[in-house]
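Chain by chain, the residues:
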Amino acid sequence: MNSLRQQFIAFSVSTGVLRFGDFKTKAGRQSPYFFNAGLFHDGATLGQVAQFYAQTLLDSGVEFDMLFGPAYKGITLASATAVALAGKGRNVSFAFNRKETKDHGEGGTIVGAALHGKVVIIDDVISAGTSVRESVDLIQAAGATPCAVLIALDRMERSGPDGQLTPHSAVQEVSEAYGIPVISIANLDDLFTFLSSAGTAPELAKYQEAVTSYRQRYGVI
């Protein structure tokens, strides 16, 4: 439990953000686990997850000038990560988008700092890559450069419907499409390591077999 990645998995389980059982994903798959970043909804847990985001970004070595959080979950994640970065001595600005264009006041779809320089997109997960595509378009339209995507959990799953699975995951497809790295605090391999650790509680360790089967069926090679 010494690595940041394992600490994040343990933290997500303890807060109920990462749960095990039988869940239907957005892609229609029956998954033995479910990650819901929307449950980081109090000051303590949001502050802690922001520390994980900030440290992961700093450890990545990616050069960046500011953060961008796509509506809606990315808004609080980017804001909180900016605060955490400032606490680590790296003060950067952030911005996020509205779903609808505002036609009064300051107007537009972007709230916060003007998009500039190298921008890191911060979100919870990547499913179909839609929010990343929209974010990239907004950033480039402002004359800035998307330099990375930072997410909480990479499920490492192949894209496409059953019977037509692609060789790549949505994360890999996003990275290839835009030529930028997708950085995750943790991934499916880390989750599996957590379940197979000697210190993991029996009520969680019992899901190791189900996660193994799911990874064999949908996981990227």
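None of the values given here were measured: they were computed from a predicted structure.

So, how was this worked out
- By convention here, each chain's residues receive numbers from 1 onward along its written sequence.
- Restriction of local features to residues with pLDDT of at least 70 applies here, the model being predicted, together with a cutoff of 80 or more for giving and counting side-chain atom pairs; totals for whole chains, interfaces and linings are based on all residues.
- Hydrogen atoms and water are omitted, and side-chain values are computed over all heavy atoms in the structure.
- Each helix is a run of H or I in the DSSP string that is no shorter than four residues. Each strand is a run of E no shorter than two, and both are numbered from the N terminus.
- Only protein chains enter the area calculation, which uses a 1.4 Å probe; residues under 20% of their type maximum are buried, those over 50% are exposed, and those in between are partly exposed.
- Expected span of a helix: the number of residues minus one, times 1.5 Å.
- Any carboxyl oxygen of Asp or Glu within 4 Å of a side-chain nitrogen of Lys or Arg constitutes a salt bridge here.

## Quick notes on unusual backbone geometry
- The omega torsion of the bond from Ala71 to Tyr72 falls at 10°, within 30 degrees of zero and hence cis.
- The residue Tyr72 is located in the loop between β3 (66-69) and α3 (73-87) in this model.
- Positioned with a positive phi, Met156 is a non-glycine residue whose angle comes to about 55°.
- With respect to the element layout, Met156 can be found in the loop between β7 (145-154) and α5 (170-178).
- Classification of Met156 by relative accessible area gives buried; the value is 17%.

## Things to note about α3
- The end-to-end C-alpha distance of α3, which contains 15 residues, comes to 22 Å, matching closely the 21 Å that a straight helix rising 1.5 Å per residue would cover.
- Where α3 is concerned, the buried positions are Gly74, Ile75, Leu77, Ala78, Ser79, Ala80, Thr81, Ala82, Ala84 and Leu85.
- Note on α3: the residue one or two positions beyond its end, Gly89, has a positive phi of about 90°.

## Let's talk about the pattern of salt bridges
- Counting across every chain of the model gives seven salt bridges.
- Here Lys73 and Asp124 are joined by a salt bridge, their closest N and O atoms 3.5 Å apart. Here Lys73, found in helix α3, pairs with Asp124, found in the loop between β6 (118-122) and α4 (130-141); they are 51 residues apart in sequence, far enough to count as distant.
- The exposure class of Asp124 is buried, given its relative accessible area of 8%.
- A salt bridge links Arg215 to Asp189, with the shortest nitrogen-to-oxygen separation between them at 2.8 Å. Residue Arg215 is located in helix α8 (residues 208-218), and its partner Asp189 is located in helix α6 (residues 188-196); the two are separated by 26 residues in the primary sequence.

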